[in-house]
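Understanding the architecture of this molecule
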Number of protein chains: 2
Amino acid sequence: MSLVVVGSLAYDAVETPHGKVDRMLGGACTYISLAASYFTQVQIVAIVGEDFAPEDNDLLASRGIDLEGLERVPGKTFFWSGVYSDDMNDRSTLQTDLNVFAGFQPKLPPRYRTQPYLLLGNIQPGLQRTVRSQMNGNGLRFAGGDTMNFWIKDFRDELLATIREWDFLLINDSEARMLSGQANLKRAAKVILEMGPKIVVIKRGEYGAMLFQRNSFFVVPGYLLEDVFDPTGAGDSFAGGFAGYLAEHGFDLEHDQVGRRELRRAVIYGSVLGSFCCEKFGVDRFRTLTRDEIDARFEEFRGFTEF
Amino acid sequence: MSLVVVGSLAYDAVETPHGKVDRMLGGACTYISLAASYFTQVQIVAIVGEDFAPEDNDLLASRGIDLEGLERVPGKTFFWSGVYSDDMNDRSTLQTDLNVFAGFQPKLPPRYRTQPYLLLGNIQPGLQRTVRSQMNGNGLRFAGGDTMNFWIKDFRDELLATIREWDFLLINDSEARMLSGQANLKRAAKVILEMGPKIVVIKRGEYGAMLFQRNSFFVVPGYLLEDVFDPTGAGDSFAGGFAGYLAEHGFDLEHDQVGRRELRRAVIYGSVLGSFCCEKFGVDRFRTLTRDEIDARFEEFRGFTEF
């Protein structure tokens, strides 16, 4: 079943200890939709400028991603540049040019509005709420998204009003601490579950991920890559693998017993997609990645975690 | 079957964000032997001064720990004091008084020498080697130990000569990086396996632990405690749980298929004991801890990691 994805399409300049790229396709919506496309039909809502390259459009199309909701307007595409620390656990933003993204007012094409799955990439919480409200309430089965420190700090009330309606929130560990005011992640998750989301997934980078529901939790360590070339997009690829897998399996939160198993597997698939993303710069790994490789790595996770 | 444990008995002064204790029982040998005592007969080799309190002796004896190898000499017991950072991921040593520990020349009582399991707590690598050589080679099934940054940095050759003879090395993540010269832990483990040990267990504090053998590895996330009162001794408690469980099950490295399963479970039991240790100051949690609680937490690990 289809997954609607909303977020940024961008060009990124990135420097890691392994190299430097001055301009490459990026943005949350890009990574999410590429990752999710291995599992389900993806329909994106995003905005780009006149400089958006045909080959980048083709990459998305080649993965079967529905581009009807991709708006093209005069001006330049969102641009971001950043540099990673030596251990790649931190990054500094060097430049953010919103460009056409500054005027982004997401409008869902009519046939998107009845889809059952919705993933709201990291954008201004008010916009996320607008999109959520455009979905036909009866058909929507599972909706949620991602956020970031900037919105938590400076748009807190708007963010709280937004995530109150979500089934799931994806968030990284430092942001979970910031949002909840709790240093301990188990306590942080409890506080966030009180804010509305029925499911909280905390991403811990190389240390893996945690899934919290009211009465259970699940923890998976990170995949041990020998070389991390570029972590850009890993969190969004996680989100795409997570939501894509659930959409593929027709996940329904109401049926809890099945749900619990599928949610855990979705976290593993998220981890798998996040790990592949780090193996090359930008979206390059997605140019050759196959579903067989994804499923093989899922089994690897089983192999190095079971006891 | 019996586990021989060598290491420090000490008095510690510790400050964490949860409180401050001016003098409490500590030392690697103490935590290792208390943790291992839930699984197997433990025989310790250590040294204390005249100030070693009868009630501390009684605590060890109450856990059935064989104290024949505990030497008492004139002078004061090893004293260490330290303070933890707010998130308890770092600690600074304020004071180290070796006292009687400076003259420690471990001598194994004759009936220790034929035991099958040996765990060498973190002491000067030359002393660890002396102890290893006192064991009757024919009876010894599984021997290894722990080390620390100080020996890696300033006693490297001696340390390498020592661990070359070990079946297993327990080491934390930053020390594994220092010993191997590799920032990536999977690469670090490969390098360390080339140094001699057939098994390398890398402890990652709150993030869990990893077990490496030449052809396989295993990763487990850390137990999610809501309150960490005092991490002192957690790594040693891990070591005691790990080696104690293997001794209880008559682990034999030669029989690899069984070995692989038992080693993974030993890592879980190590994690369980390390997590309990953090729940109270110093050794206090061991005053009431039961085997039933330990086994229940082992099952909890299964519950939050299986998918």
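Each remark here, short or long, concerns the structure printed above.
Within any chain, residue numbers begin from 1 and follow the written order of that chain's sequence. Lettering of chains starts at A and numbering of ligands starts at 1, both following the order in which they are written. The predicted nature of this model means local features are confined to residues of pLDDT at least 70 and side-chain atom pairs, given and counted, to a pLDDT of 80 or more, with totals for whole chains, interfaces and linings taken over all residues. Here the side-chain values reflect all heavy atoms present in the structure, with hydrogen atoms and water set aside.

A closer look at the interface of chain B and chain A
- Note on contacts: a residue pair qualifies if any of its non-hydrogen atoms lie within 4.5 Å across the two residues. Each side of the interface is counted separately: chain B has 30 residues, and chain A has 30 residues.
- Of the roughly 3100 Å² buried at the junction of chain B and chain A (both faces included), carbon and sulfur atoms supply 54%.
- Once two parts are brought into contact, the accessible area they lose, counted with a 1.4 Å probe and summed over both, makes up the buried area. Considering only the side of chain B, the residues that lose the most area to chain A are B:L224, B:E226 and B:F307, jointly responsible for 30% of the buried surface there.
- Here, a salt bridge means any Lys or Arg side-chain nitrogen found within 4 Å of an Asp or Glu carboxyl oxygen. For the interface between chain B and chain A, the tally reads 6 salt bridges.
- When the shortest N-O distance is used, the salt bridge between A:E226 and B:K190 registers 2.9 Å.
- Counted as a polar contact is a pair of N or O atoms within 3.5 Å, where, for protein atoms, one must be capable of donating a hydrogen and the other of accepting one, and residues adjacent in sequence contribute only when both atoms are in side chains. Joining chain B to chain A, the criterion identifies 18 residue pairs in polar contact (both at pLDDT 80 or more).
- Counting from the N terminus, the helices are the DSSP runs of H or I reaching at least four residues and the strands are the DSSP runs of E reaching at least two. Mapped onto the side of chain B that touches chain A, the elements with two or more residues apiece are α7 (185-194), β12 (209-213), β13 (216-220), α9 (256-277) and α10 (291-305) of chain B.
- For the side of chain B that touches chain A, the element with the most residues is α10(B), which contributes 6 residues.

Description of the side chain of B:T77
- Position of B:T77 among the secondary structure elements: in the loop between β5 (66-72) and β6 (79-84).
- For B:T77, a relative accessible area of 2% corresponds to the buried category. Categorising residues by exposure relies on relative accessible area from a 1.4 Å probe, with only protein chains included: less than 20% of the type maximum marks a residue as buried, more than 50% marks it as exposed, and the intermediate range marks it as partly exposed.

What to know about the relation of the copies chain B and chain A
- The copies are overlaid by a least-squares fit using only the C-alpha atoms of residues whose pLDDT is at least 70 in both copies. For these two chains of identical sequence, chain B goes onto chain A by a turn of 180° and a shift of 0.0 Å along the axis, with RMSD 0.0 Å. Considering both components of the superposition, the chain copies are consistent with a two-fold axis. Taking C-alpha positions as the reference, the residue of chain B nearest the rotation axis is B:P221, at 2.7 Å.

Examining the sheet that holds strand β2 (residues 10-16) of chain B
Residues and elements named next belong to chain B.
- Reading across the sheet, the 4 strands line up as β3-β2-β6-β7 and stay open at both edges, with mixed pairing between neighbours. Two strands in the sheet have a free side with no partner beyond their single neighbour: β3 (19-26) and β7 (91-97). Looking at each pair of strands side by side, their axes are set apart by 15° on average, direction ignored.
- In the sheet, β2 pairs with β3 via 6 bridges, with the strands oriented antiparallel. The residue bridging A10 from the neighbouring strand is G26, located in β3. Pairing between strands requires that DSSP locate at least two bridges from one strand to the other. Helix axes are fitted only over the stretch in contact, all axes being lines through C-alpha atoms; the angle between N-to-C directions runs from 0 to 180 degrees.

Observations concerning the pairing of strand β12 (residues 209-213) of chain A
Residue and element names in this part refer to chain A.
- Most of β12 sits inside the fold, with 5 of its 5 residues counted as buried.
- The two faces of β12 match: A209, L211 and Q213 on one face and M210 and F212 on the other face are all buried.
- As consecutive antiparallel partners, strand β11 (residues 199-203) and β12 are separated by 5 residues, and within that stretch G205 has a phi angle of approximately 60°, a positive value.
- Sheet topology note: the β12/strand β13 (residues 216-220) ladder contains 5 bridges and is antiparallel. Bridging across to β13, A209 finds its partner in V220.
- Between β12 and β13, which follow one another and run antiparallel, lie 2 residues.

With respect to a negative patch on the surface
- Like charges are joined within 9 Å and nonpolar side chains (Val, Leu, Ile, Met, Phe, Trp, Tyr) within 5 Å, but only among residues with over 30% relative accessible area and no salt bridge; these make up the patches. All accessibility values rest on the Shrake-Rupley procedure with a 1.4 Å probe; residue burial counts only the protein chains present in the view. Positive charges are assigned to Lys and Arg, negative charges to Asp and Glu, while His and the chain termini are left out of the count. Lys charges are placed at NZ, Arg charges at CZ, Asp charges at CG and Glu charges at CD. On the surface, a cluster of negative charge is contributed by A:D86, A:D87, A:D90 and A:E206.
- The class for A:D86 is exposed, based on a relative accessible area of 72%.

Let's talk about the pattern of salt bridges
- Per the counting criterion, the structure on display carries 36 salt bridges over all chains.
- Notably, a salt bridge pairs A:D227 with B:R187, separated by 2.8 Å at the nearest N-O pair. Of the two residues, A:D227 is situated in the loop between β13 and α8 (234-248) and B:R187 in helix α7; the pairing between them involves two chains.
- Between B:R291 and B:E248 there is a salt bridge; the shortest N-O distance is 3.0 Å.

A look at helix α6 (residues 173-180) of chain B
Residue and element names in this part refer to chain B.
- The set of residues buried in α6 consists of D173, E175, A176, L179 and S180. Down the axis of α6, the sector holding all buried residues measures 160°, keeping them to one side.
- Its buried side turned inward, α6 meets α4 (149-154), α5 (156-163), β10 (168-172), α7 and β11 (199-203).
- Directly after α6, the chain includes G181, whose backbone phi takes a positive value near 75°. Starting at the helix axis, one direction is taken to each C-beta atom, and the arc is that of these directions.

With respect to the pairing of β5(B)
All names here are of chain B.
- Across 5 bridges, the pairing between strand β4 (residues 42-48) and β5 is parallel. Looking at β5, one finds that V48 is bridged to R72.
- Clockwise travel from the first strand over the helix to the second, with the strands pointing away from the viewer, marks a crossover as right-handed. You can see the chain leave β4, run along helix α2 (residues 54-62) and come back into β5, and the turn it takes is right-handed.

What about the state of the cysteines?
- Throughout, a disulfide means two cysteine sulfur atoms within 2.5 Å of one another. In the structure shown here, the tally under the stated rule is 0 disulfides over all chains.
- In this structure A:C277 is a free cysteine whose sulfur lies 5.6 Å from that of A:C278, the closest cysteine sulfur available.
- Residue B:C29 stays outside any disulfide, its sulfur separated by 14 Å from that of B:C277, the closest cysteine.
- We classify B:C29 as buried; its relative accessible area is 0%.

Brief notes about the packing of helix α3 (residues 125-134) of chain A against helix α5 (residues 156-163) of chain A
Residue and element names in this part refer to chain A.
- It is the contact of α3 with α5, at a shortest axis distance of 8 Å, that shows an interaxial angle of 25°. Between α3 and α5, the angle falls in the class roughly parallel. By crossing handedness, the relation of α3 to α5 is classed as left-handed. Where α3 abuts α5, its residues P125, G126, Q128 and R129 lie against E158, L159, A161 and T162.
- Charged residues are taken to be Asp, Glu, Lys and Arg, nonpolar residues to be Ala, Val, Leu, Ile, Met, Phe, Trp, Tyr, Cys and Pro, and polar residues to be all remaining types, Gly included. For the contact of α3 with α5, the per-class residue count stands at 3 nonpolar, 3 polar and 2 charged. Orientation is classified from the angle alone, with under 35 degrees giving roughly parallel, over 145 giving roughly antiparallel, 65 to 115 giving roughly perpendicular, and any other angle giving oblique. Definitions for this section: a left-handed crossing has its near helix turned counterclockwise from the far helix by less than a right angle. A right-handed crossing has that turn clockwise.

Some remarks on helix α3 (residues 125-134) of chain B
Residues and elements named next belong to chain B.
- Every buried residue of α3 is listed here: P125, G126, L127, Q128, V131 and Q134.
- In this fold, the buried residues of α3 make contact with β1 (3-6), β8 (117-120), β9 (142-146), α4 and α5.
- You can read the cap of α3 off the contacts: a side-chain oxygen lies 3.0 Å from the backbone nitrogen of G126, and it is on Q124.

Some points on the sheet that holds strand β6 (residues 79-84) of chain A
Residue and element names in this part refer to chain A.
- Across the sheet, which stays open at both edges, the 4 strands sit in the order β3-β2-β6-β7 with mixed pairing between neighbours. The open sheet has two edge strands, β3 (19-26) and β7 (91-97), and neither has a second partner. Mean inter-strand twist for the sheet, computed between neighbouring axes without regard to direction, equals 15°.
- The pairing of β6 with β7 spans 6 bridges and is classified as antiparallel. Directly across from G82, in β7, lies its bridge partner T93.

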